[in-house]
Amino acid sequence: MSHAKYSVINTHVHNIDGVAKVTGRATYTFDVKLPGMLYGKILRSPHPHAKIINIDTTRAMELPGVKIVVTGKDTLGIKQGIWRRYEELCDEQVLPLEKVRYIGEPVAAVAAVTEEIAEAALDLIDVEWEVLPAVYEPLEAIKKEAPTIHEGVERNVNVTRHIEWGDVDEAFEDADYIREDWFKCSGQAHMCMETRAAVSSFTPEGKLTVWASTQSAYYTQGLLAGVLGLREGDVRVLAPYVGGGFGGKFELDAAMFCSAVMSMKLFKPVKVVFSREEDFIASKRRTPMFYYVRTGIKKDGTFCARESRMFSNGGAYTGMGATALYLSGFFHSFPYKWRGYRYDGYRVYTNTLPSTSMRGFGAPQAMFCSEQQIDWICADLGLDPFEVRRKNGHTEGYEVPGQAFIASCGLEQCINEIEKWVKSKGKLPANRGIGISSCGFMSGGIFNWFDSPYSFSSAVVTINVDGTVELHVGCQDIGQGSNTTMAIIAAETLGVKVEDIRVHSGDTAHCPADLGAWGSRQTLMAGNAVKMACEDAKKQLLEFAYAEMGINIVYDLDIKDRWVHIVARPERGLPYGDLVKKALRAKDGQRIMGRGYYTPHRKGMISPAYSYMMQAVDAEVDPETGKIKIHEVMTAHDCGQPINQLGLVGQLEGAASMALGYAYLEDMPFEDGKMMNPNLVDYKVIKAPEMPEAGIIEIDTYEPEGPYGAKEAGEGLTNPTAAALGNAIYNAMGIQMKELPITPERVLKALREKKEAQK
Amino acid sequence: MEKQVLRFKVNGDEYEVFIHPKTLLAEVIRDHLGFTGTKRGCETVSCGACTVNINGFSVKSCSVLAIQCQDMEVTTVEGLEKNGKLSPIQRAFLDNGSYQCGFCTPGMLMSATAFISEAKNPTKEQMKESIEGNVCRCTGYNSIVRAIEAVTQGKYKEE
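Engineer: If you had to explain the overall build of chain B to someone new, which residues and values would you point to?
Structural biologist: Helices and strands together make up the secondary structure of chain B, namely five helices and five strands. Of the regular secondary structure in chain B, the N- to C-terminal order runs β-β-α-β-β-β-α-α-α-α. Whereas a compact globule of 159 residues would reach a radius of gyration of roughly 15 Å, chain B reaches 16 Å, a difference of no more than 12%. In terms of principal-axis extent, the alpha carbons of chain B reach across some 50 × 30 × 25 Å. Going through the 159 residues of chain B one by one, you find that 56% of them count as buried.

Engineer: Help me get a handle on the environment of A:Thr287, residues and values and all.
Structural biologist: Residues and elements named next belong to chain A. Checked against the element boundaries, Thr-287 lands in the loop between strand E13 (285-286) and strand E14 (289-297). Since 29 C-beta atoms lie within 10 Å of it, Thr-287 is described here as buried. It is 19 Å that separates the C-alpha atoms of Thr-287 and Gly-244, two residues lying 43 residues apart in sequence. Setting aside residues no more than four positions away along its own chain, Thr-287 makes contact with Gly-187, Ser-312, Asn-313, Gly-321, Ala-324, Ser-355, Thr-356 and Gly-362.

Engineer: Any details on the pairing of strand E9 (residues 197-203) of chain A? Residues and values, ideally.
Structural biologist: All names here are of chain A. Counting buried positions along E9 gives six out of seven residues, so the element sits mostly inside the fold. Both E9 and strand E12 (residues 270-273) contribute to a ladder of four bridges, which runs antiparallel. Note on E12: the bridge partner recorded for Ala-198 is Val-272. Relative to strand E10 (residues 207-212), E9 is paired through six bridges, and the arrangement is antiparallel. Paired with Ala-198 across the strands is Ala-212, a residue of E10.

Engineer: Give me the domain arrangement of chain A: which residues, what numbers.
Structural biologist: Residue and element names in this part refer to chain A. Under the domain assignment, chain A is made up of domain 1 (18-23 + 456-598), domain 2 (32-132 + 192-245 + 249-282) and domain 3 (353-445 + 609-758). Domain 1 and domain 3 are separated by 38 Å when their C-alpha centres are compared. On the domain 3 side, the residues contacting the 17 residues of domain 1 number 22 residues. Residue assignment for the side of domain 1 that touches domain 3 shows that the elements contributing at least two residues are helix H13 (482-494) and helix H14 (522-549). Examining the composition of the side of domain 1 that touches domain 3, we find that six residues originate from one element, H14, more than from any other. Along the lines of polarity and charge, the residues of the side of domain 1 that touches domain 3 split into five nonpolar, nine polar and three charged.

Engineer: So, the interface of chain B and chain A: which residues are in play, and what are the values?
Structural biologist: Frequently, the measure chosen for interface size is the accessible area that the parts lose on association. If you look at the interface, chain B gives 41 residues, while chain A gives 45 residues. Secondary-structure elements contributing two or more residues to the side of chain B that touches chain A are helix H2 (88-96), helix H3 (105-118), helix H4 (124-130) and helix H5 (142-152) of chain B. The class makeup of the residues in the side of chain B that touches chain A is 18 nonpolar, 15 polar and eight charged.

Engineer: Report on the packing of H2(B) against H5(B), specifying residues and quantitative values.
Structural biologist: Residues and elements named next belong to chain B. H5 packs onto H2 with a crossing angle of 135 degrees between their chain directions and a minimal axis gap of 9 Å. On the basis of their axis angle, the class for H2 and H5 is oblique. The chirality of how H2 crosses H5 is right-handed. Contacts between H2 and H5 involve Pro-88, Ile-89, Ala-92, Phe-93 and Asn-96 from the former and Ser-143, Arg-146, Ala-147, Ala-150 and Val-151 from the latter.

Engineer: Report on the nonpolar core, specifying residues and quantitative values.
Structural biologist: Residues and elements named next belong to chain A. Core analysis: the biggest nonpolar cluster contains 300 residues, and Val-210, Leu-471, Met-486, Ala-490, Val-530, Leu-725 and Ile-729 have the highest contact counts within it. Take this core: its biggest share by element is 12 residues, from helix H16 (residues 645-665). If we skip the residues at most four places from it in the chain, Ala-490 touches Val-461, Val-469, Leu-471, Ile-501, Val-530 and Cys-534.

Engineer: Give a detailed account of H3(B), specifying residues and quantitative values.
Structural biologist: Residues and elements named next belong to chain B. The end-to-end C-alpha distance of H3 is 20 Å, a good match for the 20 Å that 14 residues give at a rise of 1.5 Å each. Most of H3 sits inside the fold, with 12 of its 14 residues counted as buried. Within the sequence span of H3, burial applies to Thr-105, Pro-106, Gly-107, Met-108, Leu-109, Met-110, Ser-111, Ala-112, Thr-113, Ala-114, Phe-115 and Ile-116.

Engineer: Describe the packing of H14(A) against helix H15 (residues 576-586) of chain A, with residues and values.
Structural biologist: Residue and element names in this part refer to chain A. It is at 9 Å that the axes of H14 and H15 come closest, and there the two elements cross at 95 degrees. In terms of orientation, H14 and H15 fall into the roughly perpendicular class. Only Leu-579, Val-580, Lys-582, Ala-583 and Ala-586 of H15 make contact with H14, whose side of the interface consists of Gln-540, Leu-541, Phe-544, Ala-545 and Glu-548.

Engineer: Tell me what's going on with the confidence of the model for chain B, and back it up with residues and numbers.
Structural biologist: Overall, the predicted model of chain B reaches an average pLDDT of 97, with 100% of residues at or above 70. ipTM for the predicted complex: 0.98, alongside a pTM of 0.97.

Engineer: Break down the sheet that holds strand E1 (residues 4-10) of chain B for me, citing the residues and quoting the values.
Structural biologist: Residue and element names in this part refer to chain B. Ordered by their spatial adjacency, five strands build an open sheet running E2-E1-E5-E3-E4, and the pairing between neighbours is mixed. For this open sheet the edge positions go to strand E2 (13-19) and strand E4 (57-60), each flanked by a neighbour on one side alone. Pairwise comparison of adjacent strand axes, ignoring direction, gives a mean angle of 40 degrees for this sheet. As paired strands, strand E3 (residues 51-54) and E4 are joined by four bridges and run antiparallel to one another. By the bridge assignment for E4, Ile-54 is matched with Phe-57. Its contacts with the sheet put H3 on E3 and E4, and the angle it makes with E3 is roughly 35 degrees.

Cut-offs applied
- Residues numbered from 1 in each chain as written.
- Chains lettered and ligands numbered in written order.
- Predicted model: local features only at pLDDT ≥ 70, side-chain atom pairs only at ≥ 80, totals over all residues.
- Helix = DSSP H or I, 4+ residues; strand = E, 2+ residues; numbered from the N terminus.
- Rg over C-alpha atoms; globule rule 2.2 N^0.38 Å.
- Buried ≥ 20, exposed ≤ 12 C-beta atoms within 10 Å, placed from the backbone.
- Contact = placed C-beta atoms within 7 Å.
- Pairing = 2+ DSSP bridges.
- Domains from an automatic or database assignment.
- Nonpolar A, V, L, I, M, F, W, Y, C, P; charged D, E, K, R; others polar.
- Axes fitted to C-alpha atoms, helices over the stretch in contact; angles between N-to-C directions.
- Parallel < 35°, antiparallel > 145°, perpendicular 65-115°, else oblique.
- Left-handed = near helix turned anticlockwise from the far one by under 90°.
- Core = buried A, V, L, I, M, F, W, Y, C linked by C-beta atoms within 7 Å.
- Expected span 1.5 Å × (residues − 1).
- pLDDT = per-residue confidence, 0-100.

Below is the structure:
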């Protein structure tokens, strides 16, 4: 399909929040200060598993400046979860009544006139515990004799997920070669620069206003109303600027809940901000996964079947982990055609920090296993890894049986481009290698476990008398630039300029409901809603234009660059501003208003559209120390029609840095349930000197379901990197890395084992 | 310890605050004076979100007692712009999309500003090192380095 010439889409547009962000004007929840505001702090469990016998708050209450101390007994005690449709998955009381299940779990909260006093009061809360036996690893917790973490949950199995298509056993029988491997994928902290933060203000008329660092103002509104016994409409959530999310900020957190509970008792604003340490030990993490992968292949490289079993460390509660369990299994099949595919995932409760969604949503783990094993199989059989991926890769029009329809797919072009790039590098020095990995990702999930009665995305557009546009959207800008993307889509559709659009988002009182920023959904879903709303408004304007211009009704009219004109004769027309004034007059002074929405129907089980990509990582290993140096990353990427040029580059470079961190730096060691490095000195993230060049080759495709042909970009690119690095190390050193992160210790161990095997 | 009077300049203006000597500069800037452009992201002097300039040097304001800034000149992100005109590095950040969530941006800008004022024909490695103390979780740093490079190459003039 050919691309129309766009005026705004994929041009160099500054982020519309840019000036606010580079001048310090952007006000985050972290910065909110209200008159009479109190400061809250949270007491956290020192035990991984313990019964709460008694909590005595007397001494804390006596400290001058302390206004309130609350425990689970001061709440409605409602078990909540974001999988609202399924009662058994709503398993978390933010302030538990009976027992704690991980170190760092909230136990009580204090509000005081200063943060220092609130902090000091925590030491004066006396908790009597009965410590219970604890279990930390899923393969231990699933055993019969393991302690029970949630009453009535057998063998601590929280959720299971089975995915299957084709005759798997028969397809394996056709295979000439079968390989099996075990992998261990680590967790990862979202490490948003703005830690979890909320300011709640409850007023005597029974209304609650909450500023929250959230990825979905609507989810936060719904979840808070549920646990506080309020009507959703009486809870207003504001999220003007959010300091990062990455999948970690769309559940109810203790900052939101505790600030709201205390504000409702005091009728005063209460602010709760997590310290960095609290953010590490008590904000859910990327899901650690154990993968068993068995793959059958023909001698000529044709894939026959794959069978996988996955055990994930769920930690103490469900959160978004149930979705990660499904998506990991689904994307583990990507981006290839399998005659037979079978996945069994088990999410197991343990007495550790709960795990949840994080950028990639289970796919980075799945790809680490899949894409390395494919390279090892190629080496075992003497096949070309590019050729094998090309031969088995998804193509346009393919249906993942019973799961998904692939309407647009640039995978083959991605593979071709990366193959060219790798070959252009020639022979590399010793201890240095290039590894590749391909993958795909969704453009928004179609699931409704939240049980939203609203459309998945909505937009309302109104046009002022001077032609300026108010765009109200519920999608949430968390830094990924969705406000800018929506402004671009609106400007393109209405035929105006980006500076004509004012985007209103992050306020449940003024913006339509939208599921928010997760699962790479906003460009496609909110983008379609915005496009529809603007088309609605534009149609109304053009009706007046036909009357005003007195032209033949079969002519096509359009607006571009604020000029209303006949498509076939663009010089014939009138200025957009003049038309708006006249249209307003003709409508008895009513403003032109357009509405749009998007709810997926008949789009398979997962998503309406899929992005594709292949990445190459050029890395060097120091055989003495095991240290890794990343020289360069190159990605060929199919996101359909790019919308926001600067935003796209930023998202892809950012994904590379986060995914490299996951691959070789970011470790979360736990001992007896306690995270050993909950600070930014010991938890290593990529910093500027380690960050390599991360080039991008955009592959031109058109996604019919996306607005202007667009689909996902930015989340999916966290998927291939760990595998590509693993493959680079395999090519450089001949060692197979089966555990994440790929630390110097693990590299040295693998080198030692290789040496011993050669003896 | 008794409270003391701190007199210093912030963004060109004189301020006098009565503070406990253990108060951090970051707290005075944000909580006493209300310059909330300066952010905080850790308790371990690791993230650089609170970076400001003191007498032209970039300093993490959580690593300095405010009282140590007696009679000194502090610049925060709010002080980079003059009468509505953005500084070269601020404009370069806009053109290069060198920010996403924006939470690290004020600190990044302050580190980059101090570096640019001193650097003579810097290498890319030096540019990267100049923001080594600043964590950004969104951008992957390369767009920030491109902005610094553009300014050091003279592509942006003071307005």
